[in-house]
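Below are the chains, spelled out letter by letter.
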Amino acid sequence: MIKSMTGYGKAEALLDNGKLTIEIRSVNGKTSDINIKSSLLPKDKEMEVRKRIADTLVRGSIDMFINWEPNASEGPKEVNLSLAAEYWKQIQALAGTVGAKRLNKLNPNMLIGILLRMPDVVDLKKTDIITPDNWPLVSKAIDDALEAVLNFRATEGEALYRDVTSRVQIILDLYDRIEEFEPERIAATREKLLKAAEELKVKVNEERFEQEMVFYLEKLDINEERVRLRQHCKYFMETIDGEPYPGKKLGFIIQEMGREINTTGSKANHAGIQQCVVKMKDELEKIREQSMNIL
């Protein structure tokens, strides 16, 4: 069964001095784009974690967050006064640049709150949180979060599968309706040509007329498009059912399906066929949008 690239997973590691929460979120992407949005992870572990994420999730735009909640017994946090002062200087410089003249009239409590939320102003002693001793617990939490993402992706993938495969069947059904219009289209084309000849007061040679009619209808024939579109739809189903990560290939198959539908529309010469073509294009566009999220 296919998997979606959209996923979310969360896991916790209970350490001696507090709780570490791992969150992993993924959305669709052409490649594996991994962002670790935390400075808590030791540098010597970053490459290992990135490889683990890439091997497990394969593709997508992936963000990993690590949040830390110390035990109450850990005591009060320390404020990095020099860093807070530097942030304040930059805020004042920015205010002067953009012409914000009322900055100094703001409530001091509000300003302090803003500064305390700036990165690294409150010192959590991050280098001491993840250590070699507690790394096995942290590593397991990362694995658990990745497993939760996979489960999420599998559930989303089931919904994606039902949606895109049902739309492929709708396209095939619409082409069946197009085939039903063929006799009517041929008769209408014949009548149109005869009427044109009558209006021009041209005497029609029946044998020559039939030859020209055959030639004209050959140019409008959509049998090749019908055969190729059915082959593409079959290949689409074989790919989505038979490959572990079919997303990229499905995109190429959808392009080929679009070509056959467009060519059918250009040859339609019939209102009923043209309406079916418009509906097929609409269904194909929805398949294209959904397939972009298939792993």
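Residues numbered from 1 in each chain as written. Predicted model: local features only at pLDDT ≥ 70, side-chain atom pairs only at ≥ 80, totals over all residues. Heavy atoms only, no water.

**Overview of the pattern of salt bridges**
This is how it is decided: Any Lys or Arg side-chain nitrogen located within 4 Å of an Asp or Glu carboxyl oxygen qualifies as a salt bridge. Secondary structure elements follow DSSP: runs of H or I of four or more residues count as helices, runs of E of two or more count as strands, with numbering from the N terminus. Note on exposure labels: buried denotes an accessible area under 20% of the residue type's maximum, exposed denotes more than 50%, and partly exposed covers the range between, all computed with a 1.4 Å probe on protein chains only.
Per the stated rule, a full pass over the model turns up 23 salt bridges. As a salt-bridge pair, E48 and R52 come within 2.8 Å of each other at their nearest N and O atoms. A residue pair is termed a helical-turn pair when its members lie 3 or 4 positions apart in one helix, as E48 and R52 do in helix α1 (residues 43-57) at 4 residues. Given the relative accessible area of 35%, E48 is considered partly exposed. Between K51 and D55 there is a salt bridge; the shortest N-O distance is 2.7 Å. Taken together, the residues span about one helical turn, with K51 and D55 both in helix α1 at a distance of 4 residues. Like K51, the residue D55 is exposed in the burial classification. Each of E224, E225, R228, E260 and K267 takes part in salt bridges that share partners, so that together they form one network.

**Topic: the environment of I178**
Going by this rule: Residues count as neighbours in contact if any of their non-hydrogen atoms are within 4.5 Å of one another.
As for its placement among the helices and strands, I178 is situated in helix α4 (residues 135-199). Measuring from C-alpha to C-alpha, the distance between I178 and V277 comes to 8.5 Å, with 99 residues separating the pair along the chain. Not counting residues up to four positions away in its chain, the partners in contact with I178 are I222, T264, I273, C276, V277 and M280.

**Looking at the packing of helix α6 (residues 223-242) against helix α7 (residues 247-267)**
Here is the rule: The angle between two axes is taken between their N-to-C directions and runs from 0 to 180 degrees, where each axis is a line fitted to C-alpha atoms and a helix contributes only its stretch in contact. Angle categories are assigned with fixed cut-offs, so that under 35 degrees is roughly parallel, over 145 is roughly antiparallel, 65 to 115 is roughly perpendicular, and the rest are oblique. For any helix crossing, the convention is left-handed if the near helix is rotated counterclockwise from the far helix by under a right angle, and right-handed if that rotation is clockwise. The nonpolar class holds Ala, Val, Leu, Ile, Met, Phe, Trp, Tyr, Cys and Pro. Asp, Glu, Lys and Arg form the charged class, and all remaining residues, Gly among them, are polar.
At their nearest, the axes of α6 and α7 sit 9 Å apart, and the two run at 160° to each other. Relative to α7, α6 is oriented roughly antiparallel. Along this stretch, α6 crosses α7, giving a crossing that reads as left-handed. Judged by residue contacts, E225, R228, L229, H232, C233, Y235, F236, T239 and I240 of α6 engage K249, L250, I253, I254, E256, M257, E260, I261, T263, T264 and K267 from α7. In the contact of α6 with α7, the residues fall into 10 nonpolar, 4 polar and 6 charged.

**Quick word on the environment of G265**
Mapped onto the elements, G265 comes out in helix α7. Setting aside residues no more than four positions away along its own chain, G265 makes contact with Q274 and V277.

**Describing the sheet that holds strand β1 (residues 7-15)**
The criterion, for reference: When DSSP finds two or more bridges between a pair of strands, those strands are recorded as paired.
If you walk across this open sheet you meet the 4 strands as β1-β2-β4-β3, and the pairing is mixed. On the outer flanks of this sheet lie β1 and β3 (32-36), each paired with one strand and no other. Averaged over neighbouring strand pairs, the angle between their axes works out to 15° when direction is ignored. Sheet topology places β3 next to strand β4 (residues 60-70); 5 bridges connect them, and they run parallel.

**A look at the nonpolar core**
Here is the rule we go by: Here, the term nonpolar core denotes a set of buried Ala, Val, Leu, Ile, Met, Phe, Trp, Tyr and Cys residues that are joined through side-chain atoms within 4.5 Å.
By size, the foremost hydrophobic cluster in this structure holds 29 residues, and its most contacted members are I171, I178, L229, F236, I240, M257 and M280. At the level of elements, α4, α6, α7 and α8 (271-291) are the ones that each hand at least two residues to this core. The element best represented in this core is α4, accounting for 10 residues. Sequence-distant contacts of I240, defined by excluding residues within four places in its chain, comprise I2, Y161, V164, T165, P246, L250 and I294.

**Focus: unusual backbone geometry**
We note that V58 has phi near 65°; this positive angle belongs to a residue other than glycine. Within the secondary structure, V58 sits in the loop between α1 and β4. The backbone of N269 shows a phi angle near 55°, a positive value even though the residue is not glycine. If you trace the backbone, N269 turns up in the loop between α7 and α8.

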